[in-house]
Amino acid sequence: MAFAINGLVYANWTSRLPRLQEIYGMDNGQTGFVLTSLAIGSLIAMPLAGFLIVKNGSRRLAIASTILFIVAVPLMGFMPGYTALLFLMPLVGISTGVMDVAINAQAVEVEKLWGTPITSSFHAFFSGGMFVGAAVAAGFIWAGLDLGLHLVAISTITTGLSLFALRNFLRDEPESSSQDAGGGNRFGMAIILLGLASLCTMIGEGAMADWTPLYMTRVTGSAEAIAPFGQAAFSGAMLVGRSFGDNIRGRVGSRLVVAGGALLALFGVMAAILYPTPVIAIAGFGLVGLGLSNVIPVLFSQASKLPGLRSGVGISSVSTIGYSAFLWGPPVIGFVSDYQNALLPGGIGPFDGVVGLRVGLGVVAVLMFLLFVLSVGYLRVKD
């Protein structure tokens, strides 16, 4: 339920970004600064969350961060101006960043007690919360509720849900410092490799979330009404993949889930690049979602199991490296796309028109290949 609350609240406020722009008179560049300040707050908070989990356990931190997130989001509709909003967003980022780490740490503890892989199921609830949140937001917009009242209503609903959910969290104790801390360099390299795999995955997720609507209209020539179907195919496939991911992981193992997922995502993004028709692009983006759906749950689970390293520290370290992708990944794809438009207006070799976003999404293809290589040759994963 905590994962679903996270997705529900997130979908509701991001669905109202156009209204947020109107209220504070923001252009796209200023909106970018607002989103960047939120991402910076999350990146600062995640390493701190690992430290706090070691000192206090994940239960207290999950409760505090969830309530702070629910309370902070509605304030977006009541700030006195753009500057005040800019100062609020890091607080939202800190609360959601700490919440992500803390509830994932709780999920890992539940998985240990359960005895079989169930991490993907928790992430499926986050995706489901986003789906429901988008539908709820559409309903509030249709009803004519303004941003502030809309978010207050969501806060009220999720506060009630959180009071039910959080009181049932595991009462984990602060982790003992007597754990074996030997082999620090080896464990450091394991964290770096898991973090790099997380980075590749989240750049792929960020690219699908940010660029698929533009790709559908500008590259495939889709009508604007068709453009959201690319993003919907990706998100829907993520939800389906995570719903069945634990069963698949239990049958074939974590390494094959990551390696197979990377290949599936690589095939999907290459199909969209080389055959940019609406139908093939939508199907390709769906394959990317299906392929990446269970990679992050597996990586977080593996980070919690590294010998000699406390689970909260492992999860927060991998999260920090991975979530940094949302800060700079999509802009890099945009820069590559603009550069290729200027450099090669006629296309590349036999592929006329392979320019702009098609080359930009090539960055995702390269990272999917790197993820496959990491999963096969370098990642230390075990079930």
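For the structure itself, consult the block above.
Residues numbered from 1 in each chain as written. Predicted model: local features only at pLDDT ≥ 70, side-chain atom pairs only at ≥ 80, totals over all residues. Heavy atoms only, no water.

1. Observations regarding the overall build of the protein chain
Of regular secondary structure, the protein chain possesses 15 helices and two strands. Expressed as a percentage of its 383 residues, the buried residues of the protein chain come to 50%. In the protein chain, of all internal contacts separated by at least 6 residues, the share reaching a separation of at least 24 is 83%. Carbon together with sulfur atoms contributes 70% to the accessible area of the protein chain, which is approximately 16700 Å² in total. (Helix = DSSP H or I, 4+ residues; strand = E, 2+ residues; numbered from the N terminus. Buried < 20%, exposed > 50% of the residue type's maximum accessible area, 1.4 Å probe, protein only. Contact = heavy atoms within 4.5 Å. Areas by Shrake-Rupley, 256 points an atom, 1.4 Å probe, with all protein chains shown as cover.)

2. Examining the pattern of salt bridges
Evaluation of the coordinates by the stated rule reveals four salt bridges. Among the ionic pairs, Glu 111 bridges to Arg 249, the shortest N-O distance being 3.3 Å. Taken together, the residues Glu 111 in helix H5 (residues 82-114) and Arg 249 in helix H9 (residues 228-252) connect sequence positions 138 residues apart. For the pair shown, Glu 111 and Arg 249 are each scored as buried. A single network of salt bridges, built from pairs that share partners, joins Arg 19, Glu 22 and Asp 146. (Salt bridge = Lys/Arg side-chain N within 4 Å of Asp/Glu carboxyl O.)

3. With respect to the side chain of Thr 201
Among the structural elements, Thr 201 can be located in helix H8 (residues 184-218). Using a relative accessible area of 0% as the deciding quantity, one classes Thr 201 as buried. If we ignore the near neighbours within four places in the chain, the residues touching Thr 201 are Leu 292, Val 295, Ile 296, Leu 299 and Leu 371.

4. Re the packing of aromatic side chains
Counted by the stated rule, this structure contains two aromatic pairs. With a centroid separation of 5.5 Å and an interplanar angle of 35°, the aromatic rings of Phe 3 and Phe 122 are classed as tilted. Of this pair, Phe 3 sits in helix H1 (residues 2-15) while Phe 122 sits in helix H6 (residues 119-142); the two residues are 119 residues apart in sequence, bridging distant segments of the chain. A residue is classified by how much of its surface remains accessible, and Phe 122, at 22% relative accessible area, is partly exposed. (Phe/Tyr/Trp six-rings, centres within 6.5 Å; stacked < 30°, edge-to-face > 60°.)

5. Looking at a nonpolar patch on the surface
Together, Val 240, Phe 244, Ile 248, Val 252, Leu 256 and Leu 290 give the surface a local cluster of nonpolar side chains, amounting to about 530 Å² of exposed area. No other element matches the four residues that H9 contributes to the nonpolar patch. Here Leu 290 lies in helix H11 (residues 278-292). (Patch = residues over 30% accessible without salt bridge, like charges linked within 9 Å, V, L, I, M, F, W, Y side chains within 5 Å.)

6. Things to note about H1
With 14 residues, H1 extends 20 Å between its outermost C-alpha atoms, agreeing within 8% with the 20 Å of an ideal straight helix rising 1.5 Å per residue. Burial within H1 is extensive, with 11 of its 14 residues counted as buried. Every buried residue belonging to H1 is among Ala 2, Phe 3, Ala 4, Ile 5, Asn 6, Gly 7, Leu 8, Val 9, Ala 11, Asn 12 and Trp 13, and all of these are buried. (Expected span 1.5 Å × (residues − 1).)

7. With respect to the packing of H1 against helix H7 (residues 147-166)
Closest axis-to-axis distance for the H1/H7 pair is 11 Å, and the angle between their directions is 180°. In terms of axis orientation, H1 runs roughly antiparallel to H7. For the pair formed by H1 and H7, the contact residues are Ile 5, Leu 8, Val 9, Asn 12 and Trp 13 on the first element and His 150, Leu 151, Ile 154, Thr 158, Leu 161 and Ser 162 on the second. Taken together, the residues of the contact of H1 with H7 sort by class into seven nonpolar, four polar and no charged. (Axes fitted to C-alpha atoms, helices over the stretch in contact; angles between N-to-C directions. Parallel < 35°, antiparallel > 145°, perpendicular 65-115°, else oblique. Nonpolar A, V, L, I, M, F, W, Y, C, P; charged D, E, K, R; others polar.)

8. Some words on the packing of helix H4 (residues 58-72) against H5
Closest axis-to-axis distance for the H4/H5 pair is 8 Å, and the angle between their directions is 145°. The two elements H4 and H5 meet at a crossing, and its hand is left-handed. From H4, Ser 58, Arg 59, Leu 61, Ala 62, Ser 65, Thr 66, Leu 68, Phe 69 and Ala 72 reach across to H5, where they touch Leu 88, Leu 91, Val 92, Ser 95, Thr 96, Val 98, Met 99, Ala 102, Ile 103, Ala 105 and Gln 106. Of the residues assigned to the contact of H4 with H5, the class counts are 13 nonpolar, six polar and one charged. (Left-handed = near helix turned anticlockwise from the far one by under 90°.)

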